Structure formats: structure tokens, C-alpha cells
Amino acid sequence: MRRFSRRVYIAVGSLLVVVCLVILVYVVKPFAVKPLGNKLPTPTLVAHIDLRSYSPQFFRHNVQIGDLNNDNITDFLVYSNSKLMRAFAYNGRNGTLANATLLWEYSFPGIPDPPKKYHYKYTIWDIDNDSKNEVIGPFASSSGIELRILDGATGVVERSIQTTYPNPTSSDDVDEWRLYVTVANFRGLPEPQDLVFLTERDSKGEIYAYDNQFNLLWDTTGNTHQYIYAHFPWTYDIDGDGKDELIGTWVFDDNGTRLWKATHFTIVTGWYNHLDRAFVGDIDPSHEGLEVLVSHEYYRYRMFDVNGTLLREEGPHGADSKIVGVGQINTTAEGFESIVYDDCGVNEDLWCIYGANGTLLKTVSEIRDGYTVDWDGNRTNGDEFFSPKSFGDIYDPWTAESIDFGDFYNRDRYTPADTSNDRQRIFAHVSDVWGDHREEVIIVDEDEILIYSNIEPSPETHPSPWTIPEYRLRVANTEDDTHPERAFFNWQDQP
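Residues numbered from 1 in each chain as written. Predicted model: local features only at pLDDT ≥ 70, side-chain atom pairs only at ≥ 80, totals over all residues. Heavy atoms only, no water.

Honestly, the environment of Ile111 in this entry has me stumped. Any pointers?
With respect to the element layout, Ile111 can be found in the loop between strand S5 (100-107) and strand S6 (118-121). The sequence separation of Ile111 and Asn81 amounts to 30 residues, and the corresponding C-alpha distance is 10.0 Å. Residues within four places of Ile111 in sequence aside, it is in contact with Ser82, Lys83, Ala140, Asn167 and Pro168. (Helix = DSSP H or I, 4+ residues; strand = E, 2+ residues; numbered from the N terminus. Contact = heavy atoms within 4.5 Å.)

Is there a simple way to explain the sheet that holds strand S1 (residues 44-50) in this structure?
Within a sheet, adjacent strands bond to each other through the backbone by hydrogen bonds, running parallel or antiparallel. Reading across from one edge, S1-S33-S32-S31 is the order of the four strands in this open sheet, with antiparallel pairing throughout. Lying at the two open borders of the sheet, with one neighbouring strand each, are S1 and strand S31 (428-431). For this sheet, the mean inter-axis angle between neighbouring strands, taken without regard to orientation, is 20°. Across six bridges, S1 lies against strand S33 (residues 448-453) in antiparallel orientation. For Asp50, the partnering residue across the bridge sits in S33 and is Glu448. Strands S1, strand S32 (440-444) and S33 of the sheet are contacted by helix H2 (residues 405-412), whose axis makes an angle of about 125° with S33. (Pairing = 2+ DSSP bridges. Axes fitted to C-alpha atoms, helices over the stretch in contact; angles between N-to-C directions.)

Even after reading the chapter, I still don't get the sheet that holds strand S17 (residues 250-252), so can you show me in this structure?
Here four strands make up an open sheet; going across it, the order is S15-S16-S17-S18 and the pairing antiparallel. The open sheet has two edge strands with one neighbour each: strand S15 (234-236) and strand S18 (258-261). Pairs of neighbouring strands in the sheet enclose a mean axial angle of 25°, with direction left out of account. One ladder, built from three bridges, connects S17 with S18; its direction is antiparallel. Its bridge partner lying in S18, Phe252 is registered against Arg258.

Sorry if this is basic, but what is going on with unusual backbone geometry here?
Most peptide bonds are trans, and most residues other than glycine sit at a negative phi. Look at the link from Ser55 to Pro56: it is a cis peptide, with omega at 0°. For Asn70, which is not a glycine, the phi torsion comes out positive at approximately 65°. Structurally, Asn70 can be placed in the loop between strand S2 (62-66) and strand S3 (75-80). In this structure, Asn129 takes a positive phi of about 60° despite not being glycine. Within the element layout of this structure, Asn129 appears in the loop between strand S7 (123-125) and strand S8 (134-141).

In this structure, what is going on with the nonpolar core? I would like to understand it.
Generally speaking, soluble globular proteins have nonpolar side chains that are buried together. Grouped together as the largest cluster of nonpolar side chains are 39 residues, with contacts concentrated most on Trp234, Ile247, Leu275, Val292, Leu293 and Val326. Once you skip the residues sitting within four places of it in the chain, Trp234 turns out to touch Glu245, Leu246, Ile247, Leu275, Asp276, Arg277, Ala278 and Glu485. Within the second largest apolar cluster, 34 residues are counted, among which are Ile111, Tyr165, Val183 and Tyr208. (Core = buried A, V, L, I, M, F, W, Y, C linked by side-chain atoms within 4.5 Å. Buried < 20%, exposed > 50% of the residue type's maximum accessible area, 1.4 Å probe, protein only.)

Written as C-alpha cells, this is what we have:
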């Protein structure tokens, strides 16, 4: 028998080792590996604005961010539902030079304080394309809730329409009460100039689409659907015709026609037959075109193509599973990952990170609800995620590194916010306030505004995202509250 040399045995053994490693990587390996990037830069308090001279103070307020007086500087609209609203013009300075000037104030003292489940949504946008921004949203009036368009700089009512919604009559919680106004483009105009009014009261509600003159384009009142369609009006141009579709229980075309059903086909009624989240983008590069990724209760997530063909689904595993965010989490892989709250198939409530193709990459014990932001300025290092709750925090879902802005707030605030009542919460907000392409965290409590920034040198420079219309619309349509929403934004493709 011919004997092999020792060198041959070593070569064959090495080959077997390589084969085994390949099998382990591509077959056995359960999780992908993200290389550790730079640590999250530490926040610096760059502006502290004193609002203690204004009275009365806010109770359970929210904030919208945009340019109210058309000076190309980001301003703040602070409101407590429609009971109290103040429009502040920010001077764009930092340190002791930072201040905010009251542009106008609106109040309607005849309604009760807002409980924690009363959510109103206003939008700052140039809705009539006259190069001046307006404030659009629901306002209390002597005859109930009106939709109004106000001049952003003066608060003067430019246009209004009465709704069928009454003013709140109690400070007690309802199951849910949402009155949301966002901007869309149903008519295919060069700039979005249409409105969506989404209502929810005790899990029942409708969707109304208007043009900028409050002419009704379409609504859902003639449908047999008994409950809400979604917790938020997600609008995207999914078919590339220049006009937005609206994604809810069904995907509605720009004229309100039902195109296809997004919730599971076996669910035909019930309060849970609505969407919790929706994201649209080129999430999975192995599939041509855009994908529509949605989640609703009793299902983890469903992915469709733009024609409604189901590409994949997971569930049912949990009672209230939802997609928390979509972004570039694993930088070693193409496409985008999604964070889903569910049991990940192991009968334990976890946060699951799924790859673009639906493969479970990792489970995480805790992640807060939020959306992607650009905090570190390094768009090749993966997305950071932001949660607005409890003064806000920024985190890397893969490495579990996080920045708790509550710690910085407790160190820097003038007076502590009163959070002893469960109905009073302080939310944080994110936008590019400085114009340096990185986003800042803004905390507004009853009597002050604190702006935190990453002041470390940026590894690369980009234009301010405010120069990107898509980004401005994402910020204008953002709801930072118990159900935080911001439409999917692909930082990696920005200039």
C-alpha cells in the first residue's frame, strides 16, 4: 500500500478544517457578527433656554420641530393637546446666547388637562407652497374640534373646517384618543400639499384625506371596517407614480381605493385588525424593488412587494408583537435589519433583530421603542436608534451601548420636571438643529429647553439633512409620544 507523506496529511487536514468552517458559517451559525464600531459620542449641553417666565406651565405637553418664522432656523411648537400651545422662535445660538422668543400663544381653558392616552399631532409645513410655513392640526373650539391651518409666524387662522369630534370632557383615560394630522402628496404635486387626518377614539376611528383648501379628497367613512385602520397614517409612494398611498389595514391608493389587505387575511373584524407599524424601502436587496414591512397584533411582521404579494411573514407568537425600527444594524450585511418585539420563537418576550432576508440574527433583552437617527456623524458605522420616552436615549441595538439623557437632564435642568403623576411624562425629540448634518436631542419640560449635541469632530461631512425634502417631511410628520413614529429614512444613501 502506498503511503502518503506527512505533508499530504497536513494539506488534507487543513482542507477539511476549511470545509468545516464554511459549513459552520453558512449552515450552523445562528447569528451574524457586527464589528464593534466607535463608542457613541458623549452628549454636550450646547443650549439651555429658560422659559420660566411664561405662565401657565404645560401639563403633559408635546413638541413639533420646524421653521415657524421662515428665517431658516429651527423653532419649537410646544403644546398640551389643544388646551395650551406656544410657538417659540429659536435664535440658533448656543450657550448663554441661546434664547427663544414667543411668537404667539393659543389656549382653550374650557377643556380638561390631557390624560396620558390623549394624543394630538400637529405638523409644521408650507402647505400652500408660498415659501412660508404653516401649523396644521386639531384645535378645540366652542363647537368641538376644528382642523385649522395657522400662519406659523403669527398664529393667525388662515383656514379651518369643523370635524365631528367633540372636545374632551374628562381627564380620565379613554382606551385611546388620537387626533393626528400629517402631510402627504395624493395629487402628485411637485411638493406635498395634502393632509391626512387620522382619528381614534376607544379603538374606533376613520381616515380623512384633504387638499390644502380642506376639500375632501377621500375618506373611509363609507367602509364597513368597524375599528381603526392604523395607529398612525403612514404615507409612501410605493408604486412610483408620484402620488402617495396610505398604509393601514388595507393599502389605500391615492384616491382612497383599497388596493390590498396588509393585515392577515383570516382577520376580518376585531379591534386588533389594524397596523401597529409600517415601513417602506429597499429593505431586502435580494428582492427587486421596494418592500412594504408591516406589523400588527398577533403577528410579528409581514413583508410584501408593492403589489401586495406576500414575501414572508412570522407568527403568530405573541399577543402584541410589533416592529420597533428598521435600519442598518449589522454593517457586514447588505440591506436593512428590523427590530421586532416578540418571543423570537423561543416562548419568551424578547427584542429580535432580523436580517434583510428574515433570518433571526440576534435576540436582545431590552430595547426602547423608537427610530433611526444620525448621532455620531459616521454613516458607515451603522444606524443609531433613538427612543423619546423618559427624557430620551440613544442606543446601538447590536452592542447594547446606550446614552440615557435622563442622567444629563437631572444634572443640567433648572428645576426638576414633575413626573410624580403617571400622566405626566417628559419626551425627548431629535432633529438637525445646528445644520451640521448630525442630529441633536432636544428635551422640553414645563419651563425650559435643553439641546444636547455631539461636538466631537465628525469623521466625514455631509450637507444638512434639512436640505433634503424627504428628511424635512419625516421630521414634520414625526410623532414623539407613547407610540413614537418616524417613517423609514435611509441615512446611508444621503449625500
